[in-house]
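In case you want the letters, here they are:
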Amino acid sequence: MLDVTVALRPRKVPLYPGDTPLELGHVQSFSAGDGRNVSRLQCSVHAGTHVDGPAHYLDGAPGVEAVPLNALIGRTWVADATGVEQHVDVAVLDGLDIPPDAERVLFRTRNSRLWDEPRFTPDFLALREDAAQRLVERGVRLVGIDGLSIAPYSDQTPTHVTLLSAGVAVVETLDLRRVEQGWFDLVCLPLLLPGADGAPARAVLTPSAQAR
């Protein structure tokens, strides 16, 4: 079982510019003489590993509670794109040999090295709109990546709109350093935050019993 979640450690996880600072602290503690520990968490709903809700880029759309659980759990193909040095466009995507029956695809890229550095960098790899459209046409139900966003930093809207408007679940900020290409069973459950445009999630992969 592989935990592919990026931990929510203050000052240890890169945050997207403009996001709420990540803070974890105590409101009660044994060291302060209280009879219990009680912590408080402050962060953006897009901090660390998270799932985007439709409302993130679609005005009037529902929140993260609308993402179907059966899209977030199931057989998943991890695509090795560590040799790719540019954003994944349709030509690059077609060269990755993703099985035609893959309904969930996670992209393992050179982005995963970013989790060794607690600072934001805009040069992460992502999916261009034409690649997102190709995945929609293939019937993919979930797309994830080991970068801070599924879309290029300089052009966020088209990729997100293409995926979210087609009902594709989007998972961002995964840590896939220990994962080889192949079939896995994914469980990725976001916090149930009705109306929120995203939610932190815990994502776990296990080698698929149906691997072939």
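The rules behind these values
- Residues numbered from 1 in each chain as written.
- Predicted model: local features only at pLDDT ≥ 70, side-chain atom pairs only at ≥ 80, totals over all residues.
- Heavy atoms only, no water.
- Helix = DSSP H or I, 4+ residues; strand = E, 2+ residues; numbered from the N terminus.
- Buried < 20%, exposed > 50% of the residue type's maximum accessible area, 1.4 Å probe, protein only.
- Contact = heavy atoms within 4.5 Å.
- Lys, Arg positive; Asp, Glu negative; His and termini not counted.
- Charge placed at Lys NZ, Arg CZ, Asp CG, Glu CD.
- Salt bridge = Lys/Arg side-chain N within 4 Å of Asp/Glu carboxyl O.
- Polar contact = N/O pair within 3.5 Å; in protein donor to acceptor, adjacent residues only side chain to side chain.
- Phe/Tyr/Trp six-rings, centres within 6.5 Å; stacked < 30°, edge-to-face > 60°.
- Pairing = 2+ DSSP bridges.
- Arc of directions from axis to C-beta.

Trainee: Looking at this model, I keep getting lost on the overall build of the chain. Mind explaining?
Mentor: Of regular secondary structure, the chain possesses 4 helices and 10 strands. Secondary structure elements in the chain, listed N-terminal to C-terminal, are β-β-β-β-α-β-α-β-α-β-α-β-β-β. Counting every position in the chain, which comprises 212 residues, the buried fraction comes to 49%. Residue pairs in contact within the chain that sit at least 24 positions apart in sequence constitute 72% of those at least 6 positions apart. Each charge sign in the chain was given a centre, from 19 positive and 27 negative side chains, and these centres are 7 Å apart.

Trainee: Looking at this structure, how should I read the side chain of Asp52?
Mentor: For Asp52, the position within the fold is in strand β4 (residues 50-52). One buried charged residue, Asp52, forms no salt bridge at all, with the nearest opposite charge on Arg104 at 17 Å. A distance of 3.5 Å separates the side chain of Asp52 from the side chain of His50, its partner in a polar contact. If sequence neighbours within four positions are ignored, Asp52 has contacts with His46, Val67, His160, Leu164, Val170, Glu172, Asp197 and Gly198.

Trainee: What is the right way to read the packing of aromatic side chains from this model?
Mentor: We describe a pair of aromatic rings using the distance from one ring centre to the other and the angle between the two ring planes. By the definition in use, this model includes 4 aromatic pairs. Ring geometry for Phe120 versus Tyr153: centroids 5.3 Å apart, planes at 55°, classification tilted. Of this pair, Phe120 sits in the loop between β6 (104-108) and α3 (129-137) while Tyr153 sits in the loop between β7 (142-145) and α4 (157-165), placing them 33 residues apart in sequence. Judged by its relative accessible area of 22%, Phe120 is partly exposed. An aromatic cluster is defined as three or more aromatic residues linked by ring pairs; in this entry it consists of Tyr16, Phe120 and Tyr153.

Trainee: Would you mind showing me how to read the pairing of strand β9 (residues 182-190) here?
Mentor: As a general feature of sheets, a regular strand has side chains that alternate between the two faces. Two strands pair when backbone bridges link them, and strand β5 (residues 73-80) and β9 are joined in this way by 6 bridges, in the antiparallel orientation. Across the sheet, Trp77 pairs through a bridge with Trp183, a residue of β9. As paired strands, β9 and strand β10 (residues 198-207) are joined by 7 bridges and run antiparallel to one another. By the bridge assignment, Val187 is partnered in β10 with Val204.

Trainee: Explanation requested: α3 in the structure shown.
Mentor: Helical geometry: 3.6 residues make up each α-helical turn, so side chains three or four residues apart lie on a common side. The set of residues buried in α3 consists of Ala131, Ala132 and Leu135. Projected onto a plane normal to the axis of α3, the buried residues spread over an arc of 100° and lie on a single side. Where α3 is buried, its residues contact α2 (90-94), β6, β7 and α4. Directly beyond the C-terminal end of α3, a positive phi value near 85° is found at Gly139.

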